Amino acid sequence: MKRTLYAIIFLVVIFLASCANVVAPTGGPKDETPPVVLSSKPANGTTNFYDRTVRINFDEYVVLKEAQKNIMISPPPETHPNYRLSGKTLIIRFAEPLKENMTYSISLGEAVKDLHEENALSGYSLVFSTGEEIDSLSISGKVIHAQNLQPVEKMYVMLYEADSVPMDSVRIKPKTQRPDFVTLCDKNGEFSFHGLSEKKYFIFAMKTNGTSLKYEHITDEIAFCDSLVIPTYQKPYEPQPNDTIPNDTIPQNTTHNDSLNTDSLPKIVLKSFVGEDSIQKILKKELVEYGHYRFAFRYSADKVNIEILDTVNDSFKLIKMPSSNNDTIHFFYSPERDSLNVRVSFDTIEETMKVPLKAKQKKRQKKSEEIISLTFKNNVKSNVLVPGQSLELLFAAPIIESLPSENFLLLCENDTLRDAFTFEKIDSLSMIYRLKTNKKIEEEKSYKVIIPDSVFIDVRGCHNKSQTISFKMGDESMYGNLFVKIRTKTETLQIIVQLLNDKDNIVDTQIFKPSESEPDKISFLHLNPGKYKLKAIIDTDLNGKWNTGNLERGIQPEKVFYHKNTFEIRANWDIDLDEEWVIED
């Protein structure tokens, strides 16, 4: 009987425990609604407001994220206000008295987020005045990267009053004074100013980690408008009949998040860039490797003079070579001495220095171990040569001696082609050698070039190691071609057209001088299957590359254009565009 009673009690306990087990609620859809402003003190559009405390009330509990960076107040106070939360209210306490007869604009950016999901309130602006009237004019625009035209996020945009001030004087203001008005770009690079008076303004933008709001570092990313801007009237947002939010607040589920119709404003487009120090400078001087020293400069070294002060023998075999863009000067030599005294002069700078020609020898290292092998690359990719190309050898240093062709071996499908080829140099410095043959390199047949040890000797006395290069001549059917007609409607003497792959890497570049009457025809041949884009650069200074801007001189970065389409290249397929690509401002 007792056993039966104990069993019944045990089962009841188990049953009650299972009933008391707490199960997590399944929940509903994720909350994606940002906080809503219910009211503010002062209300939007208030005049004669002198209180140093501003309160903004929300419909839920919120958190603040980097308020000092994200909340923009115009005109900017000298001292950051204090920001704190009390219940569902954001309290902004100014550290200094408000200016008389001034319209203030407070933009919260994305500083305010809801407590649980961190949905950000975006686009909210509160405008009030300490005078009798509210300044009602506005400016809006967008900041994009000058090089790729992508929007710039979190960039300070500033206004400087510029009535009766020459542009040359206005452009130095970002370096010498704080802005009169400031705001912050959103994630789409867009910005807007409200509560402006009818004056001329200079627009300047800057991306910086500093808090001074001054342009102090050449490495800061900046943008500027090269003409003064006059703000325009912006129609206020008119609440719809079904709006339930008070009229002095901003409806958050519309596109008019700052209570003003920003679509009615003309858009100003600023193009950002990182400036360059205009002073020529030696960036690097280094021993690259055995018998190879280089000087790297900030700018083109065409006006740089490097004078050898020591007397050197002919056996030193010194060869000077500029880089392709002329900002680096390479010296190749036979390292028979440990150092060399040189004088480097450019502009008003003259510097004398002792250049080490050999690396410091490690202990227990034999002298013969310093000698390195002569290395070279070739233009074969994945064992395939592009149709129409010849095999080329690209050496690391100028060649001063090469053995006759009978020392090499060319095989076709295991058959030896004797007396059918040679290697000949194709550049003035003897660094590029091309295979020349009196027999046609046939498609789909396998070839091998066997280069024996020590058949090439460079200026340093280095010899190559034995190497075998296997390749096939690519079939035309493996590739696609792109043909485009370009009509230029902007004033320029030269255009750079770049073909970019899906990773925005440059695949090919063509430079041409645009025709005044006919479209220019550009061809990109033997392209591997894939997706490509076309980019054009207006090469204002004719140097064959994109150039950045300069604030002090009022120079904008060189203009960039992208073709509206992405091109999918397929094997054995041509894309010949009938529609002209029109490049115009």
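A quick note: this is a predicted structure, and the numbers were derived from the prediction, not measured. (Residues numbered from 1 in each chain as written. Predicted model: local features only at pLDDT ≥ 70, side-chain atom pairs only at ≥ 80, totals over all residues. Heavy atoms only, no water.)

A. Local environment of the overall build of the protein. When you go through the protein residue by residue, the secondary structure sums to four helices and 44 strands. In the protein, which comprises 585 residues, the proportion classed as buried is 41%. Across the protein, every contact between residues at least 6 apart in sequence was considered, and the portion connecting residues at least 24 apart equals 68%. Surface summary for the protein: the accessible area is close to 32900 Å², and the carbon and sulfur share equals 48%. (Helix = DSSP H or I, 4+ residues; strand = E, 2+ residues; numbered from the N terminus. Buried < 20%, exposed > 50% of the residue type's maximum accessible area, 1.4 Å probe, protein only. Contact = heavy atoms within 4.5 Å. Areas by Shrake-Rupley, 256 points an atom, 1.4 Å probe, with all protein chains shown as cover.)

B. Highlighting unusual backbone geometry. Following lysine 41, the chain continues into proline 42 via a peptide bond in cis, with omega recorded as 10 degrees. Along the chain, proline 42 turns up in the loop between β1 (37–41) and β2 (53–58). With omega at -5 degrees, the peptide bond leading from serine 74 into proline 75 counts as cis. Topologically, proline 75 is positioned in the loop between β4 (72–74) and β5 (82–86). We note that lysine 317 has phi near 55 degrees; this positive angle belongs to a residue other than glycine. In this fold, lysine 317 is placed in the loop between β20 (305–308) and β21 (319–322). On the basis of relative accessibility, which here comes to 39%, the residue lysine 317 falls in the partly exposed class.

C. Representation of the nonpolar core within the structure. Of all hydrophobic cores here, the largest spans 28 residues; its most connected members are Leu391, Leu393, Phe423, Ile451, Phe456 and Phe471. Broken down by secondary-structure element, the contributors of at least two residues to this core are β27 (392–395), β29 (409–412), β31 (421–425), β32 (432–437), β33 (446–451) and β35 (467–473). Residue contacts for phenylalanine 471: discarding those within four places in its chain leaves Val380, Asn383, Leu385, Leu391, Ile441, Lys445, Ser446, Tyr447 and Val449. Ala67, Tyr104, Val112 and Leu121 belong to the second largest nonpolar core, which has 23 residues in total. (Core = buried A, V, L, I, M, F, W, Y, C linked by side-chain atoms within 4.5 Å.)

D. Layout of the environment of histidine 194. In this structure, histidine 194 sits in strand β13 (residues 190–196). A polar contact is formed between the side chain of histidine 194 and the side chain of serine 138, at a distance of 3.0 Å. In this structure the side chain of histidine 194 is engaged in a polar contact, spanning 3.4 Å, whose partner is the side chain of serine 192. (Polar contact = N/O pair within 3.5 Å; in protein donor to acceptor, adjacent residues only side chain to side chain.)

E. Inspection of the sheet that holds strand β7 (residues 103–107) at higher detail. In spatial order, the strands read β4-β7-β9; together these three strands make up an open sheet with antiparallel pairing. Edge strands, defined here as strands with exactly one partner in the open sheet, are β4 and β9 (125–129). Taking the axes of each pair of neighbouring strands and ignoring which way they run, one obtains an average angle of 10 degrees across the sheet. (Pairing = 2+ DSSP bridges. Axes fitted to C-alpha atoms, helices over the stretch in contact; angles between N-to-C directions.)

F. A look at the pairing of strand β24 (residues 349–356). As paired strands, strand β23 (residues 339–346) and β24 are joined by eight bridges and run antiparallel to one another. The partner of phenylalanine 346 across the bridge, within β24, is isoleucine 349. Taking the residues that link successive antiparallel strands as the turn, the β23-β24 hairpin has two residues, and the phi of aspartate 347 there is positive, at about 50 degrees.

G. Fine view of the sheet that holds β2. Taken together, four strands build an open sheet; the order of strands is β1-β2-β6-β5 and the sheet is antiparallel. Looking at strand neighbours, the two that pair on one side only are β1 and β5, the edges of this open sheet. Pairwise comparison of adjacent strand axes, ignoring direction, gives a mean angle of 15 degrees for this sheet. Direction of pairing for β5 relative to strand β6 (residues 89–93): antiparallel, over a ladder of five bridges. Within β6, the position partnered with arginine 84 by the bridge is isoleucine 91.

H. View of empty space enclosed by the protein. Scanning all chains against the criterion turns up one cavity of 30 Å³ or more. Considering only enclosed or pocket space, the largest cavity measures out at about 80 Å³ in volume. Lining of the largest cavity is provided by Tyr293, Phe295, Ile306, Ile308, Phe316, Leu318, Phe331, Tyr333, Leu340, Val342, Val355 and Leu357. Put simply, the parts of the chain that give the lining of the largest cavity at least two residues each are β19 (292–297), β20 and β23. By residue class, the composition of the lining of the largest cavity is 12 nonpolar, no polar and no charged. (1 Å grid on protein atoms, 1.4 Å probe; cavity = no way out; pocket = protein on both sides within 12 Å on 5 of 7 lines; lining within 4 Å. Points joined across faces, edges and corners; volume = space filled by probe spheres on them. Nonpolar A, V, L, I, M, F, W, Y, C, P; charged D, E, K, R; others polar.)

I. Representation of the environment of glutamate 476 within the structure. Its location among the elements puts glutamate 476 in the loop between β35 and β36 (480–488). Sequence spacing of glutamate 476 and valine 386 is 90 residues, and the spatial spacing of their C-alpha atoms is 8.5 Å. Setting aside its immediate chain neighbours within four residues, glutamate 476 contacts Pro387, Glu443 and His526. Within the local environment of glutamate 476, its side chain forms a polar contact with the side chain of histidine 526, the two groups lying 3.1 Å apart.

J. Structural view of the pattern of salt bridges. According to the stated counting rule, one finds 19 salt bridges in the structure shown. Across the salt bridge formed by glutamate 161 and lysine 199, the nearest N and O atoms sit 3.3 Å from each other. In this pair, glutamate 161 is assigned in strand β11 (residues 156–161) and lysine 199 in the loop between β13 and β14 (201–207), connecting sequence segments 38 residues apart. (Salt bridge = Lys/Arg side-chain N within 4 Å of Asp/Glu carboxyl O.)

K. Spotlight on the side chain of glutamate 221. Here glutamate 221 shows up in strand β15 (residues 221–224). Despite being buried, glutamate 221 has no salt bridge partner; lysine 207 is the closest side chain of opposite charge, sitting 4.8 Å away. Among the polar contacts made by the side chain of glutamate 221, one reaches the side chain of histidine 145 at a distance of 2.9 Å. Setting aside chain neighbours within four positions, we find glutamate 221 in contact with His145, Val152, Met155, Ala205, Met206, Lys207, Ser272, Phe273 and Val274. (Lys, Arg positive; Asp, Glu negative; His and termini not counted.)

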